[in-house]
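Secondary and tertiary structure notes
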Amino acid sequence: MHKNDKDKIYLSPPHIDDAEMKSVRDALSSGWISPFGSFIDNFSEKLSSHFHKKVLLTNSGTSAIHLALKLSKINEGDFVLCSDFSFAATAFPILYQKAVPVFIGSEKDTWNLSPDFLNEAIENLKKNNNIPKALVIAHIYGASAQLDKIVDICKNYNILIIEDAAEALGSSYENKPLGSFGDFGILSFNGNKIVTCSTGGALILPDENTYLHAQKIASQAKEKADYYKHDELGYNYMQSNILAAIGDAQFDKLTSKVIRRREIFNYYLSYFKKKMDVGYQKEYENSFSNRWLSSFIFPKSINEKIKESLKQNKVESRYLWNPLHKQKVFNGCLFFGDPELEEQLFRQGLSLPSGDNLDNEDLYRITDILEKHL
Ligand SMILES: Cc1ncc(COP(=O)(O)O)c(C=O)c1O
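Residues numbered from 1 in each chain as written. Predicted model: local features only at pLDDT ≥ 70, side-chain atom pairs only at ≥ 80, totals over all residues.

**Here's the deal with unusual backbone geometry**
- Positive phi is not limited to glycine here, since W111 has a value of about 70°.
- On the secondary structure map, W111 appears in the loop between β3 (100–104) and α5 (115–127).
- We note that A221 has phi near 50°; this positive angle belongs to a residue other than glycine.
- Its location among the elements puts A221 in the loop between α7 (208–218) and α8 (241–251).
- A221 sits in the partly exposed class, given 15 other C-beta atoms within 10 Å. (Helix = DSSP H or I, 4+ residues; strand = E, 2+ residues; numbered from the N terminus. Buried ≥ 20, exposed ≤ 12 C-beta atoms within 10 Å, placed from the backbone.)

**A look at the domain arrangement of the protein chain**
- Segmenting the protein chain into domains produces domain 1 (18–251) and domain 2 (254–371).
- Listed as interface residues are 37 residues of domain 1 and, on the opposing side, 32 residues of domain 2.
- The class makeup of the residues in the side of domain 1 that touches domain 2 is 19 nonpolar, 12 polar and 6 charged. (Domains from an automatic or database assignment. Contact = placed C-beta atoms within 7 Å. Nonpolar A, V, L, I, M, F, W, Y, C, P; charged D, E, K, R; others polar.)

**Details of the sheet that holds strand β6 (residues 172–173)**
- Overall, antiparallel pairing links the 3 strands, which are arranged β7-β6-β11 in an open sheet. Each end of this open sheet is capped by a strand with a single partner; those strands are β7 (176–177) and β11 (287–288).
- Where β6 lies against β11, 2 bridges are found, and the strand directions are antiparallel. The partner of Y173 across the bridge, within β11, is S287. (Pairing = 2+ DSSP bridges.)

**Some thoughts on the sheet that holds strand β2 (residues 79–83)**
- Sheet architecture is open: 8 strands sit in the order β1-β9-β8-β5-β4-β2-β3-β14, paired in mixed fashion. In this open sheet, the two strands that pair with only one neighbour each are β1 (54–58) and β14 (334–336). In this sheet, neighbouring strand axes are inclined to one another by 20° on average, regardless of whether the strands run parallel or antiparallel.
- When strand β8 (residues 184–188) meets strand β9 (residues 201–205), the two strands line up antiparallel, connected through 4 bridges. Within the sheet, the bridge partner assigned to S188 lies in β9 and is G201.
- Helix α2 (residues 38–51) rests against β1 and β9 of the sheet, and its axis sits at about 135° to β1.
- Most of the contacts of α7 go to β1, to which it runs at about 10°, and overall it touches β1 and β9. (Axes fitted to C-alpha atoms, helices over the stretch in contact; angles between N-to-C directions.)

Next up, the structure:
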């Protein structure tokens, strides 16, 4: 998985240079390799000042969602609304809590959860007295959902919001970072994300007390005592200082990473505009996307051909999300949405290489391959 495997172009490879190497060496030589140390402090403080909220570093984005559900007191049988067009990790933690996911479909512009379907789902559940307790909303591929409408709806029904900003670090709505609008927000720093720690995540929290509680249950729920005392269920969800060292160095380069990802998206878009009508993910008004993955919707007739040609020429591309309500693991869950729209996104969509270490030669190579099909 290295950019220097010159002949292969990956979808979103890690972009590591001397700064990360130095950070990791410093972490190792400090002797602090557990979930404590200066890099945990520095990285979480940088994130806290970015979000203007307390931030806890975790060992993955998935564990951060699980913690958010725990802290929201989501338990067995509770109804939790969830983006349907997303990665399964958005919804898996709902099952960890034995709660009931209710999937909400996308709107056609941002491909994110539709406020209209959200309203429809809530009204429908209400009829059977099943008022949902929380919503897990993902900002797919870095693009903001229609947050003003979604926040209003949730306020109206007293539904907690967990914002899955796993893909959206560096994106914003009305100049406020995505991840800071919900009662909780989460980030992922896994290997393909815009900022990576190799694996890792973060939980964005509403206040100091909730932060202290999150920190406790993420580290095996040890009570303050000079012996082992556990009054509630705990998890081993903290991030190590070594991984935080990578993230800390990466985060300093966030602005240039976002600029490059947006340049890559705009390169593809202007290329397609000269060729044919290709669908793309719109930025919601007053929002700004990090363009984590450049994703497009191609005519049915050529989508498969493009994917195959790219593969044969050692260029990775990826289908868009296969809607969650269709997955066997979520069999029987309710879905409110437009199945045709999501099917079209899944069947005709492709994410193209988007890593911020792609150079212009890589981009020309990709569009030369596409050229044959457009
Ligand atoms: C939308 C979304 N949610 C959650 C996750 C889970 O994050 P992680 O892989 O760090 O557990 C990811 C990434 O994998 C993601 O893309």
